[in-house]
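This is what each chain is made of:
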Amino acid sequence: MPRTVSHPLFARLYPRINAFAEAHGSLDHRRELLEGIRGRVVEVGAGAGANFRHYPEHVEQLIAVEPKPRLRALAERAAGDAPVPVEVQTGLAEALPVADGCADAVVLSLVLCTVPDVAATLAEAARVLKPNGEMRFYEHTVSPRPRHARLQRMLDPVWRRLGGGCHLARDSERAILDAGFAIERVRRFDFRPNGRRNPSSPMIIGEARPSRAILERAEA
Ligand SMILES: C[S@@+](CC[C@H](N)C(=O)[O-])C[C@H]1O[C@@H](n2cnc3c(N)ncnc32)[C@H](O)[C@@H]1O
C-alpha cells in the first residue's frame, strides 16, 4: 500500500486545469454528481475542494480526505465557503481514516484514474458505507471506441508522468462492478471542453450501491 502521494508540480497546476474545465462545462458535471446526496458523506481524494460548494443542504457532514499538502490547504480554504460542514483530513483512498459503516455516501470524483490501487480504494469505499449507502462517481475512463482507446494506451506513460499519476485508459466502470458494487445509474459521455475530443474526453457519472456480495462479506 502506498504511504505517500507526491506530485508537487501537478498539485500546483491542478487548480488551474480544473478552473479551465469548470469554465467549459465541468461545473454542471459536479452538480450532477452531487444532486440529492445527503447525510454523512466521505469524499475521497478531494483535491482543492472543487466539489464542496455543490453539496446540497441535506448533507450533514462532509469528511474530505486528501493526501497532498498543497491541495489539502486549498481544500481547507474551500471548506470555509462551503454550504455544508466540511472536515478536511489527511489520508489515502486505500486506507480511509474513517470507521466502518459510518457513511451514507462516498464520493469519487476524478480519483479512480489516479489512485495507485483501484481495488483497495473501492474496497475501502465499501467498508465505510452503511449497508444502504451509495457511492457517487465522476471519472474519465477508457474510451468505448477501440481507436481512441489505443491512442489513450499509447499516451498513457507520458500522461501519467505529467498528470500526477493519472491513468488515461482505466476502465473504472468495470472496476466498480468487479469490486462488487451494483451500478444503479450511469451516464457515459464525451467531455469536449474546447469543442474537440481529447485523450481524457470519455467520462462517466453515476451512482452505485454495495451489492449483496459486499454486504454478506461485511457481515461474515
Ligand atoms: C485529478 S485530482 C481530482 C481532485 C478532486 N477530486 C476533484 O474532483 O477535483 C486527483 C486527486 O486524487 C488524489 N489522490 C491521488 N492518489 C491518492 C490516494 N492514494 N488516496 C487519496 N487521494 C489520492 C490527488 O491528490 C488529487 O487530489
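Here the structure is a predicted model, which is why all the values come from computation and not from measurement.

A separate point is helix α4 (residues 146–162). With 17 residues, α4 should reach 24 Å at 1.5 Å per residue; the first-to-last C-alpha distance of 24 Å fits that figure. At Asp156, α4 is bent by approximately 55°, the largest bend along its length, and proline Pro157 sits one to four residues beyond. Among the residues of α4, His148, Ala149, Gln152 and Asp156 are the ones counted as buried. In this fold, the buried residues of α4 make contact with β7 (202–210). Looking at the residues trailing α4, positive phi occurs at Gly164, about 65°.

Position of Ser143 relative to the elements: it lies in the loop between β5 (129–140) and α4. With relative accessibility at 7%, the residue Ser143 sits in the buried group. Sequence separation of Ser143 and Met203 is 60 residues, and the distance between their C-alpha atoms is 8.3 Å. If sequence neighbours within four positions are ignored, Ser143 has contacts with His148, Ala149, Gln152 and Pro202. Among the polar contacts made by the side chain of Ser143, one reaches the main-chain amide nitrogen of Arg145 at a distance of 3.0 Å.

Cut-offs and rules
Residues numbered from 1 in each chain as written. Predicted model: local features only at pLDDT ≥ 70, side-chain atom pairs only at ≥ 80, totals over all residues. Heavy atoms only, no water. Helix = DSSP H or I, 4+ residues; strand = E, 2+ residues; numbered from the N terminus. Expected span 1.5 Å × (residues − 1). Bend = angle between axes of the 7 residues up to and from the residue. Buried < 20%, exposed > 50% of the residue type's maximum accessible area, 1.4 Å probe, protein only. Contact = heavy atoms within 4.5 Å. Polar contact = N/O pair within 3.5 Å; in protein donor to acceptor, adjacent residues only side chain to side chain.

It is worth stressing that arrangement in space is one thing and function is another; only the former is reported here.
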